[in-house]
Amino acid sequence: MSNQKSPITSSLSESDRASVASVLQATLVDLVDLSLVAKQAHWNVVGKNFRSVHLQLDELVTTARTYTDEVAERAAALGISPDGKAKTVAAGSGVPDFPGGWLKEDEVVTAVVTALGELVGRLRSRIDETDKSDLVTQDLLIEITKNLEQAHWMWQAQQA
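The structure presented is a predicted model; accordingly, all values stated were derived computationally and were not measured. (Residues numbered from 1 in each chain as written. Predicted model: local features only at pLDDT ≥ 70, side-chain atom pairs only at ≥ 80, totals over all residues. Heavy atoms only, no water.)

## Re the overall build of the protein
Consideration 1: For the protein, the helix and strand inventory stands at 5 helices and 2 strands.
Consideration 2: What you see in the protein, going N to C, is helices and strands ordered as α-β-α-α-β-α-α.
Consideration 3: Over its C-alpha atoms the protein spans a radius of gyration of 16 Å, differing by no more than 12% from the 15 Å that the globule rule assigns to 160 residues.
Consideration 4: In terms of its C-alpha atoms, the protein occupies a principal-axis envelope of roughly 55 × 30 × 20 Å.
Consideration 5: In the protein, which comprises 160 residues, the proportion classed as buried is 46%.
Consideration 6: At a minimum sequence separation of 6, the contacts of the protein that also span at least 24 residues come to 79%.
Consideration 7: Summing over all exposed atoms, the protein offers an accessible surface of approximately 8500 Å²; the carbon and sulfur share of this is 53%.
Consideration 8: Averaging the coordinates of the 15 positive side-chain charges in the protein and doing the same for the 22 negative ones gives two points 3 Å apart. (Helix = DSSP H or I, 4+ residues; strand = E, 2+ residues; numbered from the N terminus. Rg over C-alpha atoms; globule rule 2.2 N^0.38 Å. Buried < 20%, exposed > 50% of the residue type's maximum accessible area, 1.4 Å probe, protein only. Contact = heavy atoms within 4.5 Å. Areas by Shrake-Rupley, 256 points an atom, 1.4 Å probe, with all protein chains shown as cover. Lys, Arg positive; Asp, Glu negative; His and termini not counted. Charge placed at Lys NZ, Arg CZ, Asp CG, Glu CD.)

Put into structure tokens, the structure is as follows:
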């Protein structure tokens, strides 16, 4: 997020805004990367359950992209300039490295379960971080976490 003076004012104190900026930026890059990784897997999944995994990956991409926009717009509403450039995402994402090339559906499921588990953990920490600084941002993080936990469950169910 940019350091230049914002043309957008915020009701948050400067220290709270700085704390929330860090949380929102980290969440933004994680979600951008999740959408890219899920789309990469969508293009490269193969196997007998190809179609269902292929479609489920598109659902995950839609979820990630929807929340990417909501996080970026929350930041902008607080006078925080969101940074979703590829270079920034590559440097800051907490999404685990995703294998390249053709992947059997069970490999994709395992990789997605791992990625979602990591992101949910990171989001839960951020929920705690925003407890005193900004309950509105915390509410958004709770909503994102709820939906990613549901996706995590659905992906895990395929491993049972």
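Resuming the write-up.
## Let's talk about the layout of surface pockets
Consideration 1: Its boundaries defined by the atoms lining it, the second largest pocket holds a volume of some 160 Å³.
Consideration 2: For the second largest pocket, the full set of lining residues is Gln56, Glu59, Leu60, Thr63, Asn147, Gln150, Ala151, Met154 and Trp155.
Consideration 3: Every element with two or more residues in the lining of the second largest pocket is listed here: α2 (50–77) and α5 (135–157).
Consideration 4: In terms of residues, the lining of the second largest pocket owes the most to one element, α5, which gives 5 residues.
Consideration 5: Within the lining of the second largest pocket, the residues separate by chemical class into 4 nonpolar, 4 polar and 1 charged. (1 Å grid on protein atoms, 1.4 Å probe; cavity = no way out; pocket = protein on both sides within 12 Å on 5 of 7 lines; lining within 4 Å. Points joined across faces, edges and corners; volume = space filled by probe spheres on them. Nonpolar A, V, L, I, M, F, W, Y, C, P; charged D, E, K, R; others polar.)

## Some remarks on the side chain of histidine 42
Consideration 1: With respect to the helices, strands and loops of the structure, histidine 42 is situated in helix α1 (residues 14–44).
Consideration 2: Classification of histidine 42 by relative accessible area gives buried; the value is 7%.
Consideration 3: Residues within four places of histidine 42 in sequence aside, it is in contact with His54, Leu57 and Asp58.

## Remarks on the environment of aspartate 16
Consideration 1: Take aspartate 16: it is sitting in helix α1.
Consideration 2: Taking C-alpha positions, aspartate 16 is 18 Å from leucine 28, a pair spaced 12 residues apart along the chain.
Consideration 3: If near-sequence neighbours (up to four positions away) are discounted, aspartate 16 is found in contact with Lys132 and Ser133.

## Notes on the pattern of salt bridges
Consideration 1: One pass over the full model with this rule turns up 8 salt bridges.
Consideration 2: A salt bridge links arginine 17 to glutamate 14, with the nearest nitrogen and oxygen atoms 3.8 Å apart. Placement of both arginine 17 and glutamate 14 in helix α1 is noted, with a separation of 3 residues, approximately one turn of the helix.
Consideration 3: With a closest N to O distance of 2.8 Å, aspartate 134 and arginine 74 form a salt bridge. (Salt bridge = Lys/Arg side-chain N within 4 Å of Asp/Glu carboxyl O.)

## Digging into the environment of alanine 111
Consideration 1: Topologically, alanine 111 is positioned in helix α4 (residues 105–129).
Consideration 2: Residue alanine 111 is classed as buried on the basis of its relative accessible area, which comes to 14%.

## A few points about a negative patch on the surface
Consideration 1: A cluster of acidic residues, Asp69, Glu70, Glu73, Asp139 and Glu143, forms a negative patch on the protein surface.
Consideration 2: Sort the elements by how many residues they give to the negative patch and α2 lands first, with 3 residues.
Consideration 3: Here glutamate 70 lies in helix α2. (Patch = residues over 30% accessible without salt bridge, like charges linked within 9 Å, V, L, I, M, F, W, Y side chains within 5 Å.)

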